[in-house]
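Spelled out, the chains give:
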Amino acid sequence: MGEKDIAQKNFEAYNDVVADIVNGSLFDGREIIKADSLVDAQPFSQYKADDGTLHEQERDVAKYCMDMDCNVRLALIGFENQIAIDWDMPIRVFGYDGDSYRDEMNQDKVVADEITGKKRRVRNKRYPVITLVLYFGKTPWKKPLSLYDVIDVPDILKPFVNDFKINIIDVPRLTPEQVKKYKGDFQIIADYFVQINSGREYIPSTKKIQHTDSMLKLMSVLTKDMRYAESIADNSFETEGTNMCEVLDRIVAQGEARGEARGEARGEARGREKNRMEMINNMLKENISIEVIARVAKMTVEQVAAISKKTAII
C-alpha cells in the first residue's frame, strides 16, 4: 500500500470525517448521516477471474450506516480517492457496489418452522450503496462519468446494456459556496485546493483542525509537499486546536531554522578548511615531507603536492 493510500485511509477512518464528506457532498451540509451511526466495513471483496483463480479488490474506505431511525438509510458508504484520472473507475465502482449488494443478500437468514421443521429463507430489507470518488487532480475530471464512457456500446445494444454513473467530487473545482457545506477538516482541505486552483495566493483558514496528525500527513501526500507532515514531526503542536495559519507559521519558521543551520554548518566548514590550510602551509615552510603532511591532514599525497606547488608559485 502506497503512502498516499495510507494517509487517505487514516484520515477517512474517522467517522466524523466520513459523515461530513457525505453530508456536504450529498445533502447541502445537513446532518443526515451521523458520525455515531457509522461502523467500519470490510473493504475487501473477491471475484473469480477467467482462469478460475480468486482475486481480491479493496475499496479505499468503507463504512456501514447502522442508524435504524434515520430518514435516509444506507447499507454502505464507500470512498475512492484519486489524484489522477482513472478511465476504468466506472468499472471499478460498479464492481465494488455489486459486491456490497451481494453482501446484503448474504445477510438473509434461513429459519426452520418450529412445528414442521420446514426451512425457509427470511429476506432482509435491501438498502442503497453509495460510492463517492474524491478527486484532487489538477486536470478537471470531465470523463469518464459513467459505464458508457468506458465501454463501446453500439446503439443497437443500448436498450439492453444498463449504464452506470459514478459520483465524482472534483475537489479543486468546487465553488466557495460548496466548500462551506463541509463543516470539519475536509472543509480546510477543500478550501486549500479551491484557492490554489483559482491561481490566487493561498489565504489559510483559521478554522481549527480536529485531526491534526492525519490531516497534515494527507496534505503532504496530496500536495507532494512534505513540509506539512514535517511540521508535526516533533510533536510540539497541540493535538487539537491548531489551524492552517499556525501550520504555515511553523513551516516558515522551520525553513528559516534550516537555513540558519545550513549557514552555520557552511561557516564552520569554511573555518575548519582555513585552519587546515594554515597548518599545511606552516608544515611546508618547516620543510616537513609531503607524505607526513598528507597523513596528518588526512589528504592524499597528490592533494598536498598541489597545495605545495601553488604556495611555491605565490
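The coordinates are above.
Residues numbered from 1 in each chain as written. Predicted model: local features only at pLDDT ≥ 70, side-chain atom pairs only at ≥ 80, totals over all residues. Heavy atoms only, no water.

Caption draft 1: Geometry of the overall build of the protein chain. Tallying secondary structure elements over the protein chain gives ten helices and nine strands in all. Put simply, the protein chain has 314 residues, and 38% of those count as buried. Pairs at least 24 apart in sequence give 57% of the contacts found in the protein chain among residues at least 6 apart. With an accessible surface of roughly 19,200 Å², the protein chain has 52% of that area assigned to carbon and sulfur atoms. (Helix = DSSP H or I, 4+ residues; strand = E, 2+ residues; numbered from the N terminus. Buried < 20%, exposed > 50% of the residue type's maximum accessible area, 1.4 Å probe, protein only. Contact = heavy atoms within 4.5 Å. Areas by Shrake-Rupley, 256 points an atom, 1.4 Å probe, with all protein chains shown as cover.)

Caption draft 2: Structural detail: unusual backbone geometry. The residue after Lys 143, namely Pro 144, is reached through a cis peptide bond having omega 0°. For Pro 144, the location among the structural elements is in the loop between strand 8 (129-135) and strand 9 (167-170). Of note, the phi angle at Asp 28 is positive, near 55°, even though the residue is not glycine. Here Asp 28 shows up in the loop between helix 2 (15-26) and strand 1 (38-40). With a phi angle near 60°, Lys 224 is a residue other than glycine that sits in the positive phi range. Mapping Lys 224 onto the fold places it in the loop between helix 6 (212-223) and helix 7 (227-230).

Caption draft 3: Fine view of the sheet that holds strand 9. Spatial strand order, 1-4-5-8-9: five strands in an open sheet with mixed pairing. Each having just a single partner strand, strand 1 and strand 9 make up the two edges of the open sheet. Across this sheet, the average inter-strand angle for adjacent strands is 30°, counted without regard to direction. Two strands pair when backbone bridges link them, and strand 5 (residues 76-82) and strand 8 are joined in this way by seven bridges, in the parallel orientation. The partner of Ile 77 across the bridge, within strand 8, is Ile 130. Across the sheet, helix 2 lies against strand 1, strand 4 (61-65), strand 5, strand 8 and strand 9, angled at about 90° from strand 8, the strand it touches most. (Pairing = 2+ DSSP bridges. Axes fitted to C-alpha atoms, helices over the stretch in contact; angles between N-to-C directions.)

Caption draft 4: Just helix 5 (residues 185-198), in detail. With 14 residues, helix 5 ought to run about 20 Å at 1.5 Å a step, and its terminal C-alpha atoms sit 20 Å apart, in line with that. Among the 14 residues in helix 5, ten count as buried, and that is most of the element. Within the span of helix 5, buried status applies to Asp 185, Phe 186, Gln 187, Ile 188, Ile 189, Ala 190, Tyr 192, Phe 193, Val 194 and Gln 195. Immediately downstream of helix 5, the backbone of Gly 199 shows phi near 85°, a positive value. (Expected span 1.5 Å × (residues − 1).)

Caption draft 5: Expanded view of the pairing of strand 4. Counting buried positions along strand 4 gives four out of five residues, so the element sits mostly inside the fold. The sheet contact formed by strand 1 and strand 4 spans three bridges and is antiparallel. Bridging across to strand 4, Val 39 finds its partner in Tyr 64. Pairing between strand 4 and strand 5: four bridges, direction antiparallel. If you follow Lys 63 over to strand 5, its bridge partner there is Ile 77.

Caption draft 6: Geometry of helix 9 (residues 290-297). Buried within helix 9 we find Ile 293, Ala 294 and Ala 297. The buried residues of helix 9 occupy an angular sector of 100° when projected down its axis, which confines them to one face. Looking one or two residues past helix 9, Lys 298 carries a phi angle of roughly 55°, positive in sign. (Arc of directions from axis to C-beta.)

Caption draft 7: Focus on the pattern of salt bridges. Summed over the entire model, instances satisfying the criterion amount to eight salt bridges. The partner of Lys 217 in a salt bridge is Asp 213, and the shortest N-O contact between them spans 3.0 Å. Placement of both Lys 217 and Asp 213 in helix 6 is noted, with a separation of four residues, approximately one turn of the helix. Asp 213 gets classed as partly exposed once you look at its relative accessible area, which sits at 40%. Through salt bridges with shared partners, a single network forms among Glu 80, Asp 86 and Arg 92. (Salt bridge = Lys/Arg side-chain N within 4 Å of Asp/Glu carboxyl O.)

Caption draft 8: Looking closely at the pairing of strand 7 (residues 119-122). Pairing analysis gives four bridges linking strand 6 (residues 109-112) to strand 7, with the strands arranged antiparallel. Within strand 7, the position partnered with Val 110 by the bridge is Arg 121. In this antiparallel pair of consecutive strands, strand 6 and strand 7, the connection spans six residues, and Gly 117 shows a positive phi of 75°.

Caption draft 9: Focus on the environment of Asn 197. Structurally, Asn 197 can be placed in helix 5. Taking the relative accessible area as the measure of exposure, Asn 197 reaches 39% and is therefore partly exposed. The spacing of Asn 197 and Pro 172 is 25 residues in sequence and 5.9 Å in space, taken between C-alpha atoms. Not counting chain neighbours up to four residues away, the residues in contact with Asn 197 comprise Lys 138, Pro 172 and Arg 173. Engagement of the side chain of Asn 197 in a polar contact is seen with the side chain of Arg 173, the distance being 3.3 Å. (Polar contact = N/O pair within 3.5 Å; in protein donor to acceptor, adjacent residues only side chain to side chain.)

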